[in-house]
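Close look at the chain arrangement
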Amino acid sequence: MKTRLSKVIAPLAVVMLLLPAVVGAQVQPNQTIAIDSAAEEGSALQSTLGDLHVSLAPQTGKARFLRLTPGQSEAVAQQLGAQGSAEERAFAFMEAYGALFGVRDATAELRPAQVQTDQAGNTHVSYDQVYQGVPVFAGVLRVHMDAAGMITAVNGLFIPELAVNTTPHLSAEQAALTAQAIVNSDVIDADRADAVATTLLVFRENLARGLPGANHLAYEVEVNNGRDVREFVYVDAHSGKVVDQITGIYEDLYRSVYYQKYEEGKLVWEEGDSLPYTGAAPVTAPEAITDVNNVINYTEDTYDMVAAATGGGYLSYDGDDAPMDLLADSTLIGCPNAMWNGTFAQFCLQVTGDDTVAHEWGHAYTEYTHNLIYAWQPGALSESYSDIFGEVVDMINGEGLDDPGGLRTDGACSVYTPWPPKLTVTAPESIAGDYEAGPAAFGPAIDSTVSGTLMAVIGDGSTVSDPSLGCDPLINDLTGRIAFIRRGECDFVVKVKNAQDVGAIGAVVANHEEGGDSTLTMAGDDPTITIQSLFIGYSDGNAIEAEIPNGVDVELNLAEAGTEPDDSYRWLSGEDDPASGGAIRDLWTPSCFGDPDNTTSDDYMCGTIDNGGVHYNCGVPNHAFALTVDGGNFKGQSITGIGLTKAFHIYWQAQTVYQTPTTDFADHADALEQSCTDLQGETLPPVTNGEPPVVISEADCAELSKAILAVEMRAYPDQCGYEPLLAKDPPDVCATETEPFFQEAFDADPVTWTLTNEGVYAEYVERDWMWLDSLPDSAQGGFYAEDSLVLGDCVPHSDDQSGVVYLDSPVMTVPAGGLSDRPVLVFDHYFATEPDYDGGNVWIKVNDGDWQLLAASDFDYNAYNGTLASADDDNTNPLAGQEAFFGSDEGGVEGSWGQSQIDLSAYAVTGDEIQLRFALGTDGCNGIDGWYLDQVSAYYCSDVEDYYIYLPLVLKGYAAP
């Protein structure tokens, strides 16, 4: 028989539906699928409209973007009626067709939020999702109508089939204390932050990652110190567990420092004061005076650019003329850096170029429009929008390094950026070759080959426990050697200077986090550094480091030139910031800085570093914008540029009308194309005064679509090679159709299952498996065993939480069957635990005997993925050394659903009474999430049909075929 389908939904599905969408369809990236027309979600629309263009949300399997043709818009109007206000027509659509997005009761689940009319006369009606009166995080739906009132598109994200207890067990005050403790564990006392706002909401995990996740009733706690700390912490309102943390600080990680303070006594200029600012104590240094003038002028340029493009319809970052407060030469951040912290924009000394100032204000505009989650692809899109703001201002204000500024050559870097270095390994032969590298903003540029033998640094351990990080004074002599150093714990300049102090002639810094294989520019400033240095990725660093004991000879040199570099500043970001050593990104050719120029690029950041690569993967949408503006040839697409004003209008329309906090690259592509359609034929003002207005044509939209195709914006980054720990295509449990003799779906809390636990030390806090009314990627109930990051400290007799929790089934009897029959256990599960040290396994008890661990060899499908570390490896988990399920899916810290099947024939036969046990063991501290269990069944399989035919032959001494 066929067992229940896996519950995981593949990410980033963009599909052309032949019939309307239905929940539960297993969707592969970019697959075209046919859907049952009788499905509740689609039957009404199908009968009205026929074929639809619908993109599915990978987080929910429901629609996230529906686009209607003019004929379909007319059909909807005829069916729903074209009378009434825009709000009434939008709500009528949601009542009739909202199930496509997951809406079951529009009146109860949708709260009117906003009605906008754009400059083209289109109307946009927004709804926020609520569940039993509680707001749902990032749950936003929008209905869009043209100037004639016809519905043209519907988009957004709705979390369907919620089943959450909305009565909190935890108080808001308790949640605030938890959030403060988490945030302040990483800051010194002087910088401690306070909880400034607490909101109860329903929170869905993994929205920014574009993956399924668990639902929680949670408190969103904003923790802020009014300067450089602003974090949103999500605390489960029942368990008190921190389920997520999202930064509210939008910064460029390539720049990090602080100058003066944001307080009334430090006010040096305000609106109405004379310009240019000439300085007064304490601002007397020429570079400081220049910075004050820069932030004043370039803030005005950003304000004027948006105001001009919207015909004065959108003023300041909130659209309501909010004061734009600034902090020049900040002492609140690590320099060189710049930052928007939700209240004001701040800039380090000599980090005030026009595109940098506009970039930070771009984050403010983002917060008050689409409010993108600052992680993974939504976070990369946030960085991209800020880069775009910066470059538009840079190109129109006539300030800074703009000349020469001609159009760029396809694939070329600029002569005004450091040519990328490379690391060449000449010996041993097993790892010889060229390795991609990133430069340093400090010390001499790599302009001549430096060769030598690598030596790993050894610190004295005075402040940092890992001696390979090079943060402490070094105790080994590196005279004439090239230092090998791991990233982490301290600034790059500290590492390289420490190596120089013990005689190193160069330095190679390797990334320290798995998945960090992209290169970067090492930031910092120390004029005393005289040796050359470069940066390499994690995997390359591992391969090289393993051979250092055998002697590794290397050269630090420059990559060979491919396309001749352009003599142009066009599309460089940060070129006017002396403290950063020049540009930090290139929107035209992102690969010049090791950033991806398309979604399937090898430069695409696959790991969790940098909030999921927000400052790297922004290269993809950046490249799309540059190609849309200027045109070019890339990935088989020949694009004719449509110019800066048209492109900005399209992107602004997408930002303010269609995009939501969870918008990823594929959503962005849909939003851009729909925005271009919206604006066709409209006369639009220029992004700068004095230029003529423009009109977007159908041909312009075709060029935009080419740019989207060129950068593969709708593609899934398969090159990351992420593999789940549990396979997703279970075979039939039995060779013939068989009904289970035991089945438990856990749709309600089953009293027939037994919960027990045991701890290793006296301080163990008792806990058990918990029944939940909804599980990750499922509105159905099931059991959960916790493996939380916040449990324990691994210090025996202090707060060591080593222990095990057991979930025991009721006793069941194996039924009568034939000689070939065998009992088989089947269950669905999802796990994400600390690798090697925490994990779960399955046990059996037969006829009231002893519990026996089911071995990996007993599994027919999805067996244990390994053996837990033993007690000899300091694993205090009671299950140490046993086979178990542990770890998480590749590329992240989440798990995904799969089915396991176990042959029990080695343990039980007909008539035996059996009992099953699911055990999750943990060591004394650390964890990830835990183990989720659903749909447990037991079958007695008849694997040979009509076996009785052969039985007489067996009795006569013949072998059955």
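All figures in this text were calculated on a predicted structure; none of them were measured in a lab.

Right, let's talk about the overall build of the protein for a bit. The helix and strand inventory of the protein stands at 16 helices and 45 strands. Considering the protein as a whole, with its 961 residues, one finds that 57% of them fall into the buried category. Here the protein displays about 36500 Å² of accessible surface, and carbon together with sulfur accounts for 49% of that area.

Membership of the largest hydrophobic core comes to 81 residues, with the highest contact counts inside it found for Trp361, Tyr365 and Phe625. Residues within four places of Phe625 in sequence aside, it is in contact with Ile388, Val392, Trp571, Leu644, Ala647, Phe648 and Tyr651. Grouped together as the second largest cluster of nonpolar side chains are 37 residues, Leu157, Val202, Phe232 and Val233 included.

For strand β18 (residues 421-427), the buried fraction is high: five of the seven residues fall into the buried class. Where β18 lies against strand β24 (residues 553-558), six bridges are found, and the strand directions are antiparallel. Across the sheet, Ala427 pairs through a bridge with Asp553, a residue of β24. As paired strands, β18 and strand β19 (residues 433-436) are joined by four bridges and run antiparallel to one another. Bridge pairing links Lys422 to Glu436 in β19. Counted along the chain from β18 to the antiparallel partner β19, the turn is five residues long.

With the rule as written, the count across this model stands at five disulfides. There is a disulfide in this structure between Cys413 and Cys592, and the S-S distance comes to 1.9 Å. Taking the sign of the torsion about the S-S bond as the criterion, the disulfide between Cys413 and Cys592, at about -105 degrees, is left-handed. Of this pair, Cys413 sits in the loop between α8 (376-396) and β18 while Cys592 sits in the loop between β26 (585-586) and α11 (609-617); the two residues are 179 residues apart in sequence, bridging distant segments of the chain. For the pair Cys413 and Cys592, a shared accessibility class is recorded, and that class is buried. A disulfide bridge connects Cys471 with Cys490, and the sulfur atoms are separated by 2.1 Å. Disulfide Cys471 to Cys490: torsion about the S-S bond roughly -90 degrees, handedness left-handed. Remark: Cys490 occurs in the loop between β21 (482-486) and α9 (492-501) and Cys471 occurs in the loop between β20 (450-456) and β21; sequence separation between them is 19 residues. The class of Cys471 is buried, set by a relative accessible area of 13%.

With respect to the element layout, Ser802 can be found in the loop between β34 (782-786) and β35 (803-808). Within the structure, Ser802 has its side chain in polar contact with the side chain of Asp800 (distance 2.5 Å). Only 3.0 Å separates the side chain of Ser802 from the backbone nitrogen of Gly924, close enough to count as a polar contact. Not counting chain neighbours up to four residues away, the residues in contact with Ser802 comprise Gly759, Val760, Tyr761, Tyr764, Thr876, Thr922, Asp923 and Gly924.

Right, let's get into the pattern of salt bridges. Proximity of charged atoms lets side chains of opposite charge pair with each other. The final tally for this structure, using the stated rule, is 20 salt bridges. With its nearest N and O atoms 3.0 Å apart, the salt bridge here joins Glu545 to Arg486. Taken together, the positions of Glu545 in helix α10 (residues 538-547) and Arg486 in strand β21 put the pair 59 residues apart, joining distant regions of the chain. Here Glu545 falls in the partly exposed class, since its relative accessible area comes to 29%. For the salt bridge of Lys646 with Asp700, the shortest nitrogen-to-oxygen distance reads 2.9 Å. One end of the pair, Lys646, is in helix α13 (residues 644-658); the other, Asp700, is in helix α15 (residues 698-710), and 54 residues separate them in sequence. Assigned by exposure class, Lys646 and Asp700 land together as buried.

Let us look at the confidence of the model for the protein. Counting all residues, the mean pLDDT for the protein is 84, and 88% of those residues have values of 70 or more. Predicted confidence for residues 1-44 stays below pLDDT 50, and this span has 124 contacts to residues more than four positions away or in other chains. Ignoring residues within four places in sequence, the model shows residues 251-259, a span with pLDDT below 50, making 66 contacts including any to other chains.

Within the secondary structure, Gln116 sits in strand β4 (residues 110-117). Separated by 541 residues in the primary sequence, Gln116 and Val657 have C-alpha atoms spaced 8.3 Å apart.

Moving on, we come to the sheet that holds strand β22 (residues 506-510). One open sheet holds the seven strands; their spatial order is β19-β18-β24-β20-β21-β22-β23, and the pairing between them is mixed. Every other strand in the sheet has two partners, leaving β19 and β23 (532-536) as the edge strands with one partner each. The mean angle between the axes of side-by-side strands here comes to 30 degrees, regardless of whether they run parallel or antiparallel. Sheet analysis places β20 next to β24, joined by four bridges and oriented antiparallel. Considered in β24, the bridge of Gly452 is made with Val554. Most of the contacts of α9 go to β21, to which it runs at about 145 degrees, and overall it touches β21, β22 and β23. Contacts between α10 and the sheet are confined to β18, β19, β20, β21, β22 and β23, with β21 contributing the most and set at about 125 degrees to the helix.

One can describe the packing of helix α7 (residues 354-368) onto α8 by two numbers: an axis separation of 7 Å at closest approach and a directional angle of 135 degrees. Here α7 lies oblique to α8, going by the angle between them. Every pair of crossing elements has a handedness; the one defined by α7 and α8 is right-handed. Residues Asp354, Asp355, Ala358, His359, Gly362, His363, Tyr365 and Thr366 of α7 lie in contact with α8, whose contacting residues are Ser382, Glu383, Tyr385, Ser386, Asp387, Phe389, Gly390, Glu391, Val393 and Asp394. Class assignment of the residues belonging to the contact of α7 with α8 gives a composition of five nonpolar, seven polar and six charged.

Looking at the element boundaries, His623 is found in helix α12 (residues 619-630). Ignoring any residue separated from it by four or fewer positions in sequence, one finds His623 in contact with Leu587, Trp588, Pro590, Asp597, Phe634 and Val711.

Time to look at the packing of aromatic side chains. For the structure shown, the criterion picks out 35 aromatic pairs. A ring pair is formed by Trp571 and Phe625, whose centres lie 6.0 Å apart and whose planes are at 85 degrees; its orientation type is edge-to-face. One end of the pair, Trp571, is in the loop between β24 and β25 (572-573); the other, Phe625, is in helix α12, and 54 residues separate them in sequence. An identical accessibility class is assigned to Trp571 and Phe625; each is buried. Geometrically, the ring pair formed by Phe885 and Trp931 is tilted, given 6.0 Å between the ring centres and 50 degrees between the ring planes. Residue Phe885 is located in the loop between β42 (883-884) and β43 (898-903), and its partner Trp931 is located in strand β45 (residues 930-941); the two are separated by 46 residues in the primary sequence. Across the pair, Trp931 and Phe885 agree in class, each one buried. Aromatic ring contacts, followed pair by pair, group Trp769, Phe827, Phe831, Phe859, Tyr864, Phe885, Phe918 and Trp931 into a single cluster. Over the face of the ring belonging to Tyr806 we find Arg917, whose NZ or CZ atom lies 4.0 Å from the ring centre.

Moving on, we come to a negative patch on the surface. A cluster of acidic side chains, namely Glu270, Glu271, Asp273, Glu300 and Asp304, defines a negative patch on the protein surface. Among the secondary structure elements, Glu300 is positioned in helix α6 (residues 286-309). Its relative accessible area of 43% is what places Glu300 among the partly exposed residues.

Turning next to helix α3 (residues 86-97). In a regular helix each residue adds 1.5 Å, so twelve residues correspond to 16 Å; α3 covers 16 Å between its end C-alpha atoms and thus fits that length. Those residues of α3 not exposed but buried are Ala86, Arg89, Ala90, Phe93, Met94 and Tyr97. Relative to the axis of α3, the buried residues are bounded by an arc of 140 degrees and lie together on one face. α3 presents Glu88 and Glu95 as exposed residues on the side facing more than 90 degrees away from its buried surface.

This part is about α8. Relative to the 30 Å expected for 21 residues at 1.5 Å per residue, α8 spans 31 Å between its end C-alpha atoms, a close match to the ideal helical length. Looking one or two places after α8, you find Gly398, whose phi comes out positive at around 70 degrees.

Counting buried positions along strand β9 (residues 215-224) yields ten of ten residues, so the element is predominantly enclosed. Judged from the ten bridges that link them, strand β8 (residues 194-204) and β9 form a sheet pairing that is antiparallel. Looking at β9, one finds that Arg204 is bridged to Asn215. As paired strands, β9 and strand β10 (residues 230-236) are joined by seven bridges and run antiparallel to one another. Paired with Asn224 across the two strands is Arg230, which belongs to β10.

Analysis parameters
Residues numbered from 1 in each chain as written. Predicted model: local features only at pLDDT ≥ 70, side-chain atom pairs only at ≥ 80, totals over all residues. Heavy atoms only, no water. Helix = DSSP H or I, 4+ residues; strand = E, 2+ residues; numbered from the N terminus. Buried < 20%, exposed > 50% of the residue type's maximum accessible area, 1.4 Å probe, protein only. Areas by Shrake-Rupley, 256 points an atom, 1.4 Å probe, with all protein chains shown as cover. Core = buried A, V, L, I, M, F, W, Y, C linked by side-chain atoms within 4.5 Å. Contact = heavy atoms within 4.5 Å. Pairing = 2+ DSSP bridges. Disulfide = S-S within 2.5 Å. Polar contact = N/O pair within 3.5 Å; in protein donor to acceptor, adjacent residues only side chain to side chain. Salt bridge = Lys/Arg side-chain N within 4 Å of Asp/Glu carboxyl O. pLDDT = per-residue confidence, 0-100. Axes fitted to C-alpha atoms, helices over the stretch in contact; angles between N-to-C directions. Parallel < 35°, antiparallel > 145°, perpendicular 65-115°, else oblique. Left-handed = near helix turned anticlockwise from the far one by under 90°. Nonpolar A, V, L, I, M, F, W, Y, C, P; charged D, E, K, R; others polar. Phe/Tyr/Trp six-rings, centres within 6.5 Å; stacked < 30°, edge-to-face > 60°. Lys NZ or Arg CZ within 6 Å of the ring centre and 35° of its normal. Patch = residues over 30% accessible without salt bridge, like charges linked within 9 Å, V, L, I, M, F, W, Y side chains within 5 Å. Lys, Arg positive; Asp, Glu negative; His and termini not counted. Charge placed at Lys NZ, Arg CZ, Asp CG, Glu CD. Expected span 1.5 Å × (residues − 1). Arc of directions from axis to C-beta.

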